[in-house]
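# Coordinate analysis (summary)
Each chain, written out:
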Amino acid sequence: MPAQKSYRNAVRSKTMIRQAFLELLQEKPYEKITVTDIAQRADLNRSTFYAHYPDVQGLIEEIEEEIINRSMQLLSEVTCQNIFQDPKIFLQILVQPVEENKKLYQLLVQSDYAGRQLYRINEAFASYVLNSPEIPENLRSSKYFAVRINFFIGGIINTYCQWLTGELDCSLDDIAEDIARTIQISAFDMNL
């Protein structure tokens, strides 16, 4: 029983640390957030923070890795060929983590921290598609294929960021439908 209580306390502490970090992201750039800031906001001592993370960068990296891993796990459920044949399914899977934790994504997108995170997500998704054995080698090796994949993934991510910040007045389903049509037209043009 003591191990279970210790585990619950650790989960609770990490949750409080993350929540404090997210609140602070609303107030100042992530580079200016200190361990002391987080510990004070979470009403924990600094040693509790250090029991879970080596520094603020370690906390950020853990959040990044969880986002990337969750997105890639969901992406692995769709074949690349299906991405081009029925992109709406891909797009719905892509936003599933956003729907699961909308507040987290809103805070991340609105912070100075967003650029780095969005670059990593873009890079992971593009790499997944560009290196897929399901895509014919002649297309994968084409510099134009890489340009188009990076263009579409960057555009998709940017569109969802605009939705998260309230700049787009439509539903996620509307966005998925419109982007899916655009991808299908491009896929046809690439002879996929």
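Note that this is a predicted model, so its numbers are computed, not measured. (Residues numbered from 1 in each chain as written. Predicted model: local features only at pLDDT ≥ 70, side-chain atom pairs only at ≥ 80, totals over all residues. Heavy atoms only, no water.)

So, about the nonpolar core. Formed by 59 residues in total, the largest nonpolar core has its most connected members in Phe21, Ile38, Leu59, Leu91, Ile156 and Tyr160. When contributions to this core are tallied by element, the ones reaching two or more residues are α1 (2-25), α2 (35-42), α4 (56-75), α6 (87-94), α8 (102-110), α9 (114-130), α11 (143-164) and α12 (172-189). The dominant element in this core, judged by the number of residues it contributes, is α11, at 10 residues. When neighbours within four sequence positions are excluded, leucine 59 is seen to be in contact with Ile17, Arg18, Phe21, Ile38, Phe49 and Tyr53. (Core = buried A, V, L, I, M, F, W, Y, C linked by side-chain atoms within 4.5 Å. Buried < 20%, exposed > 50% of the residue type's maximum accessible area, 1.4 Å probe, protein only. Helix = DSSP H or I, 4+ residues; strand = E, 2+ residues; numbered from the N terminus. Contact = heavy atoms within 4.5 Å.)

Attention now moves to the pattern of salt bridges. The full count for this structure, using the stated rule, is 13 salt bridges. In this structure, glutamate 23 engages arginine 41 in a salt bridge whose closest nitrogen and oxygen atoms are separated by 3.4 Å. One end of the pair, glutamate 23, is in helix α1; the other, arginine 41, is in helix α2, and 18 residues separate them in sequence. The partly exposed category is assigned to glutamate 23, whose relative accessible area is 28%. (Salt bridge = Lys/Arg side-chain N within 4 Å of Asp/Glu carboxyl O.)

Among the structural elements, asparagine 122 can be located in helix α9. By relative accessible area, which is 18% here, asparagine 122 ends up buried.

A few words now on α11. Between its terminal C-alpha atoms α11 stretches 32 Å, which fits the 32 Å expected from 22 residues at 1.5 Å a residue. Two to three positions downstream of the cap, the backbone nitrogen of tyrosine 144 sits 3.1 Å from a side-chain oxygen, assigning the N-cap of α11 to serine 142. Looking one or two residues past α11, glycine 166 carries a phi angle of roughly 85°, positive in sign. (Expected span 1.5 Å × (residues − 1). Polar contact = N/O pair within 3.5 Å; in protein donor to acceptor, adjacent residues only side chain to side chain.)

What follows deals with the environment of tyrosine 50. Position of tyrosine 50 relative to the elements: it lies in helix α3 (residues 46-52). Considered as a pair, tyrosine 50 and alanine 39 are 11 residues apart in the sequence and their alpha carbons are 9.8 Å apart.

Between α8 and α11, whose axes approach to 9 Å, the crossing angle comes to 105°. If you check the angle between α8 and α11, you find them roughly perpendicular. For the pair formed by α8 and α11, the contact residues are Lys102, Tyr105, Gln106, Val109 and Gln110 on the first element and Cys161, Trp163 and Leu164 on the second. (Axes fitted to C-alpha atoms, helices over the stretch in contact; angles between N-to-C directions. Parallel < 35°, antiparallel > 145°, perpendicular 65-115°, else oblique.)

Glancing now at the confidence of the model for the protein. For the protein, the mean per-residue pLDDT works out to 83, and 90% of the residues sit at or above 70. Ranking the elements of the protein by mean pLDDT puts helix α5 (residues 80-85) last with 69 and α2 first with 97. (pLDDT = per-residue confidence, 0-100.)

A few words on the environment of glutamine 19. Tracing the backbone shows glutamine 19 in helix α1. Overall, the relative accessible area of 42% leaves glutamine 19 in the partly exposed class. Each C-alpha atom, one on glutamine 19 and one on arginine 41, is 8.8 Å from the other, the two residues being 22 residues apart in sequence.

Now for unusual backbone geometry. Of note, aspartate 43 is a non-glycine position whose phi angle comes to about 60°, a positive value. Aspartate 43 sits in the exposed class, given a relative accessible area of 70%.

Here the structure, examined in full by the defined rule, presents 3 aromatic pairs. Ring centres of phenylalanine 49 and tyrosine 50 lie 5.6 Å apart, and the angle between their planes is 90°; this geometry places the pair in the edge-to-face category. When its relative accessible area of 1% is taken as the criterion, phenylalanine 49 is described as buried. Look at tyrosine 50 and you get partly exposed, because its relative accessible area is 38%. Taking the centre distance of 5.5 Å and the plane angle of 45° together, the rings of phenylalanine 49 and tyrosine 53 count as tilted. Three or more aromatic residues link up through ring pairs in this structure, and these residues are Phe49, Tyr50 and Tyr53. (Phe/Tyr/Trp six-rings, centres within 6.5 Å; stacked < 30°, edge-to-face > 60°.)

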